[in-house]
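Structural description and commentary
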Amino acid sequence: MDVKQKIIQKFNEQLGSNLKNLEGIYDFQEWLKTEKDEIEKSLSMASTTTPSKVKAVIENVEHVSYEVEQLQKTCIDLKKKIKETFNENDTNLELQEVIDKIGQLDKSLSYLYFIRYIENISDKIEAFLSSGDDESTITLYTNLTNISCQLQTSVCHYLINYVHETLHFWHNIIKEKLSKCNTYREYNDLLKILKWPFCGSNATSLNISLPETMTRFKILIEYLFHLQLPEEMIKPVVTSVLLTDFAPISLPIILLVRPLRQRFIYHFTGAKLTNRQDKPEWFFTQILTWIKDHVKWIQKNIQPIADSIGFEHLDTKAEFMRALVQLAVEKLHSELAIVQYDDTLFAHLIDETLGFERELRETLLYPQTQPATVFVLTQAHIFVKWINMEKKYATEKMDAILSSSTAWERLTGPDMDDMKVTECADAFLTLLTTISDRYKHLPQPGHRLQFLELQLELIDDWRVRLLQLLHENYEDPLTSLMPHILNTLHYVATVLEEWGVTVHFLQLQFFKKQFETVESATDKGNDTSESIGEVEGTVFDEAVVLLQRLEKELINEISDSVALDVKAKSRPYRTDKWFAMQSSKEVASLSVTSSGCPMFQELAMRLHILHNVLALPLFNQAWKNLAAQFDQFLFEEVVLVNHFNNGGAEQLQYDILRNLFPLFGLYINKPESYFPLIKEACILLNILTGSAILLQEALSNNDKNTSEILADVGVHKISAKLALKVIATRTDIIHI
């Protein structure tokens, strides 16, 4: 757009299309004039400052132009060097290709040399086998085994497979050759000379062996160890899914166990008289006997050979035991398939299996990490039947315990006298202990927790049964079953508290909390990997709380019953003429109030019975309850409702200090501390009249220091209000 059009557009914008608005042209003229003046003014200012600014700009442009020229020169030089480098790299790349090709050919040659080396070893093994040189054959086979082990980290998978296949090939060939040649026959002959296995008539030959025989035997054992395939190449042949957890056995141990396996199969399969379903202990005992008779010899003669040739990682004793345990597992599995439908046979087989496991682990020290027979019992269908059977027999056992004619008889013993342990309490805890012994070797925490739940269920059932017996035999608490049931509850609760902090049950508490945490997190959709934190309490806490709650209720009931019996004999004592009794100055000597004899006699008799029938901790609770009730009773029913002259006050104090306290003093030290009300009431009744009046006035004035005033006369428990009531019963103050 040219200048003319811009001017026209500017006028149109200012004046618009309305002709009446032409008067605005004067204002527009003024605005243009003002703008013109401002432009002229700025141009005049620029004329003075422009030369310096223009000069600076020109200098800057010249500097930039110089730098650009320098950069252009540098760029040209760099471009030239790059071309030269590219030419050199092309040559280097060609050379690198040649070097890479040489390296590849060198590796290929080494690969072929290695294969040729393996083939040479194979040729030599074949030659030595043909010539009957067993030692050289085994040496070369060992070299081949070492090569196979060294190749495990190689990326040449085809080479590894080739060596493995070669090793497998020669392993089978050598093994078969040895089994047919003189070496194997010599091995069997040596076993006969050593009278292996040490069974029957050979049992006495355990330590009898000629040095020459043992030397040759050790050489053959070395051959057999070297003939072992590497662990990573061993593919165990599993005849049963139950044997998948059993690690492979080394060849020397397999050959040593073979004659024992043959004897086992002969005696405990088929129609042999020794193969009886009602006598599983026979085959378990046989295996335990073989282990006991042979492990020392294995440790003494086989383990040193393994250690000397680099097989120290093998535990030959554990391998020998594991090989025999496999026999027990196979036999147990076959027996369970038959006897699971007969409760008697099934229960007996379970008992013998658990006994075998216990003997194996605790006596023979079979490693805990090694599988044994007990996991056969944790197969789903077998485990369900097992735990149901445990519940059935435990329930029947509890019925028998409680219905026994001697159930509530007290057991004798130095540790049982104070606890008054009943026969049924001991029998019930023995039942729980037996169950614990039966499941504590189970490898899975989940299985052990199911048995724990069974035990907790039995404890609760036991508590309910005892409560039912109480209702059926409700008579005089002291002559009924209540004291025996109390002793039983207390002893069971005490033992459960002790059990709860043992390692076995603390582990179960940890697993229980862990399962509960995971289950709760799963239900809420939270992260199940969160830590359960510190585990508090024990698995028996809830059961113990329920037992102790029932125990407390029964203690209160038996204490209330005794208190009622004593109070029933107290009427003559409570209504005696305390206001008209002779003082100590008027009689030769004080003696117990005749009206109180029946009450105190009843109290003495009841305390004696309580002490004889209750466990010491329970008796301590009972007499404390009784003391508190009797203290309150004497204070409220004797002191506060009667009036006392000097003789009455002295007589009451004599009865309390010389008769009541000594009754309880037979069982505790300082019995007076458990009768604060009646003791302090006697003090208030027997202080001098003047002191009593002053005390009454001080207490009546609501002095802030009433507690200190009472403390000065030996009163600490009775309040000021009650103290005034006690003082008011004194006849010597009433008549003043």
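Where an unreviewed UniProt entry is consulted, the protein chain appears under the name RAD50-interacting protein 1 isoform X1, with the organism given as Pogonomyrmex barbatus. Its UniProt record, at the heading Sequence similarities (unreviewed entry), says of the protein chain: "Belongs to the RINT1 family."

**Structural notes on a nonpolar patch on the surface**
On the surface, Val3, Ile7, Phe11, Ile25, Tyr26, Trp31 and Leu32 cluster together into a nonpolar patch covering about 670 Å² of accessible area. When contributions to the nonpolar patch are tallied by element, the ones reaching two or more residues are α1 (3–15) and α2 (24–131). Sort the elements by how many residues they give to the nonpolar patch and α2 lands first, with four residues. As for its placement among the helices and strands, Leu32 is situated in helix α2. Taking the relative accessible area as the measure of exposure, Leu32 reaches 35% and is therefore partly exposed.

**Quick look at the pattern of salt bridges**
Counted by the stated rule, this structure contains 20 salt bridges. Between Asp351 and Arg438 there is a salt bridge, with the nearest N and O atoms lying 2.3 Å from each other. A residue pair is termed long-range when its members are at least 10 positions apart, and Asp351 in helix α11 (residues 343–363) and Arg438 in helix α13 (residues 423–439) qualify at 87 residues. Residues joined by salt bridges that share partners form a network here, namely Asp565, Lys569, Glu602 and Arg606.

**Some thoughts on the side chain of Glu390**
Tracing the backbone through its elements, the reader meets Glu390 in helix α12 (residues 380–403). Classification of Glu390 by relative accessible area gives buried; the value is 6%. In this structure Glu390 touches Ile435, Arg438, Phe451 and Leu454, once residues within four positions along its chain are discounted.

**What about unusual backbone geometry?**
Cis peptide bonds are those with omega within 30 degrees of zero, and the linkage from Trp196 to Pro197 qualifies with -5°. For Pro197, the position within the fold is in the loop between α5 (182–193) and α6 (211–226). One non-glycine residue, Lys195, lies in the positive phi region at around 60°. According to the relative accessible area criterion, Lys195 is partly exposed, its value standing at 41%. Of note, Leu365 is a non-glycine position whose phi angle comes to about 60°, a positive value. Leu365 sits in the exposed class, given a relative accessible area of 58%.

**Details of the packing of aromatic side chains**
The tally for this structure, following the rule as stated, stands at 28 aromatic pairs. Plain terms: the ring middles of Trp499 and Phe540 are 6.4 Å apart, the flat faces sit at 55° to each other, and that makes the pair tilted. Pair noted here: Trp499 is in helix α15 (residues 482–500) and Phe540 is in the loop between α16 (503–524) and α17 (541–568), with a separation of 41 residues, a long-range link. In this structure, Trp499 and Phe540 share a single accessibility class: buried. Ring pairing ties together the aromatic residues Phe264, Phe268, Phe283, Phe284, Trp290 and Phe356, which thus form one cluster. The ring of Tyr266 is capped by Lys272, whose NZ or CZ atom sits 4.7 Å from the centre of that ring. For the cation-ring pair, Lys331 lies above Phe283, with the distance from its terminal atom to the ring centre recorded as 6.0 Å.

**Some remarks on the packing of helix α20 (residues 616–639) against helix α21 (residues 646–665)**
Running from amino to carboxyl end, α20 crosses α21 at an angle of 170°, the nearest separation of the two axes being 13 Å. As summarised for this structure, α20 and α21 are arranged roughly antiparallel, according to the angle between their axes. Along its contact with α20, which presents Trp623, Ala627, Phe630, Leu634, Val638 and Val639, the element α21 presents Leu652, Ile656, Leu660 and Phe664. Per-class residue counts for the contact of α20 with α21 are ten nonpolar, no polar and no charged.

**Quick notes on α21**
An ideal rise of 1.5 Å per residue puts 28 Å on 20 residues; α21 measures up with 27 Å between its terminal C-alpha atoms. The axis of α21 is deflected most strongly, by about 30°, at Ile656. For α21, the set of buried residues is Gly647, Gly648, Ala649, Gln651, Leu652, Asp655, Ile656, Leu660, Phe661, Leu663 and Phe664. Its buried side turned inward, α21 meets α18 (571–574), α19 (597–613), α20 and α22 (676–686). By the N-cap criterion, in which a side-chain oxygen at the helix start approaches the backbone nitrogen of a residue two or three places on, α21 is capped by Asn645, the distance to Gly647 being 3.2 Å.

**A short note on the packing of α13 against helix α14 (residues 445–472)**
Interaxial distance between α13 and α14 falls to 10 Å at its minimum, and their mutual angle equals 170°. The angle between α13 and α14 falls in the class roughly antiparallel. Between α13 and α14, the contacting residues are Cys424, Ala425, Phe428, Leu432, Ile435, Ser436 and Tyr439 on the first element and Arg448, Phe451, Leu452, Gln455, Leu458, Ile459 and Trp462 on the second. Here the contact of α13 with α14 is built from residues that sort into eleven nonpolar, two polar and one charged.

**A closer look at a negative patch on the surface**
The grouping of Glu453, Glu497, Glu498, Glu516, Glu519, Asp541 and Glu542 at the surface amounts to a negative patch. Mapped by element, the contributors of at least two residues to the negative patch are α15, α16 and α17. Along the chain, Glu498 falls in helix α15.

**Looking at the nonpolar core**
Core analysis: the biggest nonpolar cluster contains 192 residues, and Phe217, Leu360, Trp386, Leu634, Leu652 and Leu660 have the highest contact counts within it. Among the elements that line this core, the one with the most residues is α20, at twelve residues. When near neighbours in sequence (up to four residues on either side) are disregarded, Phe217 contacts Tyr187, Leu190, Leu191, Leu194, Leu256, Trp297 and Ile302.

What counts as what
- Residues numbered from 1 in each chain as written.
- Predicted model: local features only at pLDDT ≥ 70, side-chain atom pairs only at ≥ 80, totals over all residues.
- Heavy atoms only, no water.
- UniProt positions renumbered as here; feature names shortened; annotations may be inferred.
- Patch = residues over 30% accessible without salt bridge, like charges linked within 9 Å, V, L, I, M, F, W, Y side chains within 5 Å.
- Areas by Shrake-Rupley, 256 points an atom, 1.4 Å probe, with all protein chains shown as cover.
- Salt bridge = Lys/Arg side-chain N within 4 Å of Asp/Glu carboxyl O.
- Helix = DSSP H or I, 4+ residues; strand = E, 2+ residues; numbered from the N terminus.
- Buried < 20%, exposed > 50% of the residue type's maximum accessible area, 1.4 Å probe, protein only.
- Contact = heavy atoms within 4.5 Å.
- Phe/Tyr/Trp six-rings, centres within 6.5 Å; stacked < 30°, edge-to-face > 60°.
- Lys NZ or Arg CZ within 6 Å of the ring centre and 35° of its normal.
- Axes fitted to C-alpha atoms, helices over the stretch in contact; angles between N-to-C directions.
- Parallel < 35°, antiparallel > 145°, perpendicular 65-115°, else oblique.
- Nonpolar A, V, L, I, M, F, W, Y, C, P; charged D, E, K, R; others polar.
- Expected span 1.5 Å × (residues − 1).
- Bend = angle between axes of the 7 residues up to and from the residue.
- Polar contact = N/O pair within 3.5 Å; in protein donor to acceptor, adjacent residues only side chain to side chain.
- Lys, Arg positive; Asp, Glu negative; His and termini not counted.
- Charge placed at Lys NZ, Arg CZ, Asp CG, Glu CD.
- Core = buried A, V, L, I, M, F, W, Y, C linked by side-chain atoms within 4.5 Å.

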